[in-house]
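Structural description and commentary
Residues per chain, in single letters:
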Amino acid sequence: MKEKDVVKQLTTPIGAPAFPRGPFRFNNREYFNILYRTDIEALRAVVPEPLEIDEPLVRWEIMRMPDTSGLGDYTECGQAIQVRLGEEKGEYLHAMYLDNAPALASGREISAYPKVFGKPRLYVDSDTLVGTMDYGTLRVAQATMGYKHRAMDLEEAKREICVPTFMLKILWTYDSPKPAGEPRICELLRTEITDITVKGAWIGPARLELFAHALAPMADFPVREIIGASHILTDLTLARAKPCYNYLDKPTKAASGERHATVS
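Criteria and thresholds
- Counting of residues starts from 1 at the beginning of each chain's written sequence and follows it residue by residue.
- Local features in a predicted model are, by the rule used here, given only for residues with pLDDT of at least 70; side-chain atom pairs are given and counted only at 80 or more, and totals for whole chains, interfaces and linings are based on all residues.
- Note that the side-chain values use all heavy atoms of the structure and ignore hydrogens as well as water.
- Starting at the N terminus, helices and strands are each numbered in turn, a helix being any DSSP run of H or I of at least four residues and a strand any DSSP run of E of at least two.
- C-alpha atoms define the radius of gyration, and 2.2 Å times the number of residues to the power 0.38 defines the globule rule.
- Exposure is judged per residue with a 1.4 Å probe applied to protein chains only, and the accessible area is read against the type maximum: over 50% gives exposed, under 20% gives buried, and values in between give partly exposed.
- Every residue pair with non-hydrogen atoms within 4.5 Å of one another is taken to be in contact.
- Note that accessible areas follow from Shrake-Rupley with a 1.4 Å probe, and for residues the cover is restricted to the protein chains shown.
- The convention is simple: Lys and Arg are positive, Asp and Glu are negative, and His and the chain ends are not counted.
- Charged side chains are reduced to one point each, which is NZ for Lys, CZ for Arg, CG for Asp and CD for Glu.
- The rule is short: rings of Phe, Tyr and Trp, with Trp giving its six-membered ring, pair when the centres are within 6.5 Å, and they are stacked under 30 degrees, edge-to-face over 60, tilted in between.
- By definition, two strands form a pair when at least two bridges between them are found by DSSP.
- Lines are fitted to the C-alpha atoms to define the axes, a helix being fitted only along its stretch in contact, and any angle between axes, read from their N-to-C directions, falls within 0 to 180 degrees.
- Disulfide: a pair of cysteine sulfur atoms within 2.5 Å of each other.
- Only residues whose relative accessible area exceeds 30% and that form no salt bridge enter a patch; like-charged residues are grouped when within 9 Å of one another, and nonpolar side chains (Val, Leu, Ile, Met, Phe, Trp, Tyr) when within 5 Å.
- Definition used for salt bridges: Asp or Glu carboxyl oxygen within 4 Å of a side-chain nitrogen of Lys or Arg.
- Between N or O atoms, a polar contact is any pair within 3.5 Å; within protein, one atom must be a potential hydrogen donor and the other a potential acceptor, and residues adjacent in sequence are included only when both atoms are from side chains.

An unreviewed UniProt entry lists the protein under the name Acetoacetate decarboxylase, with Afipia clevelandensis ATCC 49720 as the source organism.

What follows deals with the overall build of the protein. Helix and strand counts for the protein stand at 4 helices and 18 strands. Radius of gyration (C-alpha) of the protein: 19 Å, near the 18 Å computed for a compact globule of 264 residues. Dimensions of the protein, computed from the C-alpha atoms along their principal axes, are close to 55 × 45 × 40 Å. Per-residue burial for the protein yields a buried fraction of 44% across its 264 residues. Here the analysis covers contacts within the protein between residues at least 6 apart in sequence; of these, 63% occur between residues at least 24 apart. Summed over all atoms, the accessible surface of the protein reaches about 13,700 Å², with 52% contributed by carbon and sulfur. In the protein, the 33 positive side-chain charges and the 36 negative ones have mean positions that sit 4 Å from each other.

Our next topic: the packing of aromatic side chains. For the coordinates displayed, the defined rule picks out 3 aromatic pairs. A centroid spacing of 6.2 Å and a plane angle of 90° characterise the contact between Phe 32 and Trp 60, whose relative ring orientation is edge-to-face. On the criterion of sequence distance, the pair formed by Phe 32 in strand β1 (residues 25-37) and Trp 60 in strand β2 (residues 57-68) is long-range, its members being 28 residues apart. According to the relative accessible area criterion, Phe 32 is buried, its value standing at 0%. By relative accessible area, which is 0% here, Trp 60 ends up buried. Each ring, one from Tyr 97 and one from Tyr 135, has its centre 6.4 Å from the other, and the planes form 90°; the classification is edge-to-face.

Right, let's talk about the sheet that holds strand β8 (residues 138-146) for a bit. Strand order in the open sheet formed by 4 strands is β6-β7-β8-β13, with antiparallel pairing between adjacent strands. The open sheet has two free edges, formed respectively by β6 (119-125) and β13 (206-210), since each of these has just one partner strand. Strand-to-strand twist of the sheet, defined as the mean angle between neighbouring strand axes without regard to direction, takes the value 10°. Note: β6 against strand β7 (residues 128-135), 7 bridges, orientation antiparallel. Within the sheet, the bridge partner assigned to Asp 125 lies in β7 and is Thr 128.

Another point: the state of the cysteines. Taken as a whole and assessed by the stated rule, the structure comprises 0 disulfides. Unpaired in this structure, Cys 162 has its nearest cysteine sulfur neighbour in Cys 244, at a distance of 18 Å. A relative accessible area of 11% means that Cys 162 is categorised as buried. Looking at the unpaired Cys 186, the closest cysteine sulfur is the one in Cys 244, lying at 12 Å.

Time to look at a nonpolar patch on the surface. Taken together, the side chains of Met 1, Val 6, Val 7 and Ile 14 present a nonpolar region at the surface, about 430 Å² in accessible area. Relative to the assigned elements, Ile 14 resides in the loop between α1 (3-6) and β1. Using a relative accessible area of 46% as the deciding quantity, one classes Ile 14 as partly exposed.

With respect to the element layout, Lys 115 can be found in strand β5 (residues 115-117). With a relative accessible area of 7%, Lys 115 lands in the buried category. A distance of 3.2 Å separates a polar atom in the side chain of Lys 115 from a polar atom in the side chain of Glu 76. A distance of 3.4 Å separates the side chain of Lys 115 from the backbone oxygen of Ala 103, its partner in a polar contact.

Here you go:
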């Protein structure tokens with residue numbers, strides 16, 4: 001392969017890439033969201049500056065995606081922490097667990113979605129919407145909600161889904177793979193869904209149980225109070241994430257010495 005052709009490649013393996021080029025269109029993407037209050041010190045331990053926390057609120061979400069262009073059929077579960085960057089309120093994506101290799105690889109490589117493999121499931125059990133997340137053979141989370149108890153305003157549902165989202169992108173240098181080395185990229189990225197159609201939305205009573213696991217530590221943010229729950233059906237396209245803060249451009253103390261960061 002000529003050098004000029006190498007730089008045109010999207011990802012490896014060549015000839016059978018891990019994922020195709022986007023944009024990725026999601027048809028009938030289904031959300032089950034539970035907003036709950038947790039311990040603020042637990043959030044402060046993981047939310048990176050310059051993001052700030054006004055209230056200790058977490059949105060536990062599970063998403064069923066049966067028809068995604070280029071990626072196929074999969075389910076994903078995660079926790080999004082309510083934060084603020086300056087005057088802009090949004091969510092910081094802490095962790096996401098899913099059962100689809102192309103979606104995992106593209107999410108991490110193209111953007112900065114904190115994706116790892118898991119076994120989430122979203123289904124209806126009689127009159128109950130059920131969301132579960134297993135890591136290996138062990139249950140990590142289990143959520144229930146009354147199925148379509150009350151209609152939700154579609155514009156309100158759209159605002160809930162389309163909040164600004166922040167993610168952390170970290171890539172290490174090749175000659176310093178150990179923790180004492182230096183990152184080659186360390187940035188905060190921002191994205192926001194704008195191309196969306198809300199096809200239906202509902203609210204109802206909900207419960208959420210989280211179970212301790214060393215490698216899927218959702219329970220590190222314990223459920224203290226459930227604020228609300230929603231069930232939303234959409235069609236949407238994910239927008240590309242863009243850097244909004246560079247940790248390597250500002251003097252800051254680190255194991256390897258002084259660095260710099262700037263807001264962009």
